[in-house]
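What follows is each chain in one-letter form.
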Amino acid sequence: MDTNKLVEALVADIRKPGPSLAGLWWTAAVFATLLAGVVFFITLGPRPDIAEAAETPRFLFKFAVTMALATAAFGAARALSRPGSDWRHTMVYLIAAPAMLLAAVAVELVLVPPTLWGTRLVGTNSLVCLTFIPLIGAGPLVVFLAVLRHGAPTCPRLAGAVAGLLAGGIAATFYAAQCIDDSPLFVVTWYPIAIGLLAGLGALAGERILRW
Amino acid sequence: MNNKQENNLAGLLRAAIEGDARAYDVFLRQAAKLVRAFAARRIVDGSLNPEDIVQETLLAIHLKRHSWRADSPVMPWLYAIARYKLIDAFRRRGRHVEIDIDEIAQSMAAPEVETLASWEVERALAMLSPNQRSVVAVICVDGHSIGDAARDLGMSEGAVRVALHRGLAAIARHFGKRSERD
C-alpha cells in the first residue's frame, strides 16, 4: 500500500476524534467513586461507632493513607494513558502512601507494648478486608481500564497495575470506614494484600486488553 | 528536533483536531517523514520494512489523536507512538530487541537481509468484513475519494465514511491483538 494513499484515507476520516482524555479521567473518577460507594453501602456500610471513631487519629490516618494512594495513582494513571508523557515523574508520588504508613507503624511500635503487637496486627477483620476491598474495587478497576483502552498506554501492563492501585485506593477508603481495626499494624499487613490483588488483576488485564 | 518544527507540527495537529483537513494532510506527511527516518535508523537487520512502521504509526496517530494534549509538545508524543509500534512489530517478528541495543548494533556490520515483510496494513485488509474491506481497499489502495468510493460501491457517502472509520479501527485492533499473542 502506498503511504500517500493511506494519508489521504486518514484525512478523509477526519471527523471528530474521540472525547478528550482529560475530561474522561475526571468523569471516570467520579463514576468509579459512586460505584464503589454503592457497593460499599449495600454490602457493608460504615461502622456503627463512626462518630466516635472519627475523633481518633488512628481511624483518620487510614483515610490519609488510602486517599494519598488514590490521588497519586490517579495522576500516574492519567500520565500512563498518554504516549510521550512524563509518567516516570508521576510514579514518584506513589511512594507517599507506603512511606506514611511505615512511619505510622514505627510510631505504633513505640506506643503499643510488644505483647499487643500480634493482636493488633491480626485484628478481627482480615478476611473481610481481603474480600471487600477487591469486591468494592472491581467496578472502579473496570471503569479505569476502559478509560486506558480509550487512551494509548505505551506500557499496558504497568498502566493496568496502576489502574488497580487507583481502584484499590478508592475501595480501601470506603472499606476503612467500616473496619474496626485501626492500628497501622493491621493496615500495613492486610490492605496491601487486598490492594495488590487489584493491581495484579489490573496488570493481567492490561497485558491482554490495553494493547493497541 | 528543533523548536520551530515542534511549533509548526503542534499547530498543524491542533488545526487538524479542529477539523482542518489540509492541515491534517500536511501534518500526517511530515509525521510520516519523521517516523520513516526514525524507523530506518533502528531497523538495521532488514527484518522489518520501515514503511510498515510508518503506516502502522500513522494509523495509530489517527485513531489515538485524542491522547495528545493540545498544550503539550507533539514530537515526544509522536515518537512515543512510533517507538511503541516499532517494538510491537519486532515482538511480532519474535525478537525481543531493545531499541537501545539496536542503536549499538548499528555500528556493527549489517547482517544479511531477510525477506521483507511488506505492506502489513494491506495484508490486514483480509481481516475485515467484505463491506469494510471494499471501502478501505477502494480508498487506501486505489486512492479514491469518499465521493468516488460511494459512487463505485453504490453506497451513501455517510455509509462509506462509517465503513472507512470502522475498517481503519479494525486494522489497528488487528495489530494490537497479534502482538498480544506472543
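Please read all numbers here as calculations on a predicted model, not as lab measurements.

A. Quick look at the overall build of chain A. When helices and strands are counted, chain A shows 10 helices and 0 strands. Helices and strands appear in chain A in the N-to-C order α-α-α-α-α-α-α-α-α-α. Viewed in the frame of its principal axes, chain A has a C-alpha envelope of about 75 × 35 × 25 Å. In chain A, which comprises 212 residues, the proportion classed as buried is 49%. Look at the contacts in chain A between residues 6 or more apart in sequence, and 85% of them connect residues 24 or more apart. When the accessible surface of chain A is split by element, carbon and sulfur atoms take 73% of a total near 9,400 Å². In chain A, the 14 positive side-chain charges and the 11 negative ones have mean positions that sit 8 Å from each other.

B. A look at the packing of helix α4 (residues 57–80) of chain A against helix α6 (residues 96–111) of chain A. All names here are of chain A. The contact between α4 and α6 brings their axes to 8 Å, and the two run at 160°. The angle between α4 and α6 places the two elements in the roughly antiparallel class. The residues of α6 that touch α4, namely those facing Arg58, Phe61, Ala64, Val65, Ala68 and Leu69, are Ala97, Met100, Leu101, Ala104, Glu108 and Leu111.

C. Up close: helix α7 (residues 130–141) of chain B. Taken residue by residue, α7(B) has B:Gln132, B:Val135, B:Val136, B:Val138, B:Ile139 and B:Cys140 as its buried positions. The first or second residue beyond α7(B) is B:Gly143, which carries a positive phi of 80°.

D. Inspection of the packing of aromatic side chains at higher detail. All names here are of chain A. Within this structure, the stated rule accounts for 11 aromatic pairs over all chains. Look at phenylalanine 186 and tryptophan 190: their rings are 6.4 Å apart centre to centre, the planes differ by 45°, and that puts the pair in the tilted class. Taken together, the residues span about one helical turn, with phenylalanine 186 and tryptophan 190 both in helix α10 (residues 184–209) at a distance of 4 residues. One exposure class covers both phenylalanine 186 and tryptophan 190, and it is buried.

E. Representation of the domain arrangement of chain B. All names here are of chain B. Domain annotation for chain B reports domain 1 (1–114) and domain 2 (119–182). With 11 residues of domain 1 in contact, the opposing surface of domain 2 contributes 12 residues. The junction of domain 1 with domain 2 conceals about 1,200 Å² of combined surface from both sides, 64% of it contributed by carbon and sulfur atoms. Applying the counting rule to domain 1 against domain 2 returns 0 salt bridges. Taken together, the elements giving at least two residues each to the side of domain 1 that touches domain 2 come down to α3 (50–63) and α4 (74–92). For the side of domain 1 that touches domain 2, the element with the highest residue contribution is α3, accounting for 7 residues. A breakdown of the residues in the side of domain 1 that touches domain 2 according to their chemical character gives 2 nonpolar, 2 polar and 7 charged.

F. Main features of the layout of surface pockets. Its boundaries defined by the atoms lining it, the largest pocket holds a volume of some 660 Å³. What lines the largest pocket is a set of 30 residues, and nearest its centre among them are A:Arg149, B:Leu63, B:Lys64, B:Ala169 and B:Arg173. Mapped onto the lining of the largest pocket, the elements with two or more residues apiece are α8 (126–150) and α10 of chain A together with α3 and α9 (157–181) of chain B. Here the element with the most residues in the lining of the largest pocket is α9(B); it accounts for 8 residues. For the lining of the largest pocket, a count of residues per class yields 11 nonpolar, 6 polar and 13 charged. A domain-level breakdown of the lining of the largest pocket finds at least three residues from each of domain 1 (1–114) and domain 2 (119–182) of chain B.

G. Highlighting the interface of chain B and chain A. At the interface, 49 residues of chain B touch 36 residues of chain A. Both faces considered, chain B and chain A share a buried interface measuring about 3,600 Å² in area, 62% of it formed by carbon and sulfur atoms. For chain B, the biggest contributors to the area lost against chain A are B:Lys64, B:His66 and B:Tyr84; these three give 19% of the whole. Put simply, chain B and chain A have 1 salt bridge between them. B:Arg29 is the partner of A:Glu8 in a salt bridge, and the nearest nitrogen-oxygen pair spans 3.7 Å.

H. View of the pattern of salt bridges. Residue and element names in this part refer to chain A. As enumerated under the stated definition, the model contains 16 salt bridges over all chains in all. For the salt bridge of arginine 58 with glutamate 108, the shortest nitrogen-to-oxygen distance reads 2.8 Å. Linking arginine 58 in helix α4 with glutamate 108 in helix α6, this pair joins segments that are 50 residues apart in sequence. Relative accessible area serves as the criterion here: at 30%, arginine 58 is assigned to the partly exposed category. Salt-bridge contacts for arginine 120 lead to glutamate 108; the nearest nitrogen and oxygen are separated by 3.0 Å. Taken together, the positions of arginine 120 in helix α7 (residues 114–122) and glutamate 108 in helix α6 put the pair 12 residues apart, joining distant regions of the chain. Residues joined by salt bridges that share partners form a network here, namely Arg47, Asp49, Lys62 and Asp182.

I. Structural detail: the environment of B:Arg36. Note that B:Arg36 resides in helix α2 (residues 21–42). Between the alpha carbons of B:Arg36 and B:Pro50 there is a distance of 6.2 Å; along the sequence they are 14 residues apart. Those residues in contact with B:Arg36 that sit more than four places away from it in its chain are A:Thr3, B:Glu51 and B:Val54.

J. Spotlight on the environment of B:Glu122. Note on placement: B:Glu122 falls in helix α6 (residues 120–124). Once residues within four sequence positions are removed from consideration, B:Glu122 is found in contact with A:Met1 and B:Val141.

Definitions and limits used
Residues numbered from 1 in each chain as written. Chains lettered and ligands numbered in written order. Predicted model: local features only at pLDDT ≥ 70, side-chain atom pairs only at ≥ 80, totals over all residues. Heavy atoms only, no water. Helix = DSSP H or I, 4+ residues; strand = E, 2+ residues; numbered from the N terminus. Buried < 20%, exposed > 50% of the residue type's maximum accessible area, 1.4 Å probe, protein only. Contact = heavy atoms within 4.5 Å. Areas by Shrake-Rupley, 256 points an atom, 1.4 Å probe, with all protein chains shown as cover. Lys, Arg positive; Asp, Glu negative; His and termini not counted. Charge placed at Lys NZ, Arg CZ, Asp CG, Glu CD. Axes fitted to C-alpha atoms, helices over the stretch in contact; angles between N-to-C directions. Parallel < 35°, antiparallel > 145°, perpendicular 65-115°, else oblique. Phe/Tyr/Trp six-rings, centres within 6.5 Å; stacked < 30°, edge-to-face > 60°. Domains from an automatic or database assignment. Buried area = accessible area lost by both parts, 1.4 Å probe. Salt bridge = Lys/Arg side-chain N within 4 Å of Asp/Glu carboxyl O. Nonpolar A, V, L, I, M, F, W, Y, C, P; charged D, E, K, R; others polar. 1 Å grid on protein atoms, 1.4 Å probe; cavity = no way out; pocket = protein on both sides within 12 Å on 5 of 7 lines; lining within 4 Å. Points joined across faces, edges and corners; volume = space filled by probe spheres on them.

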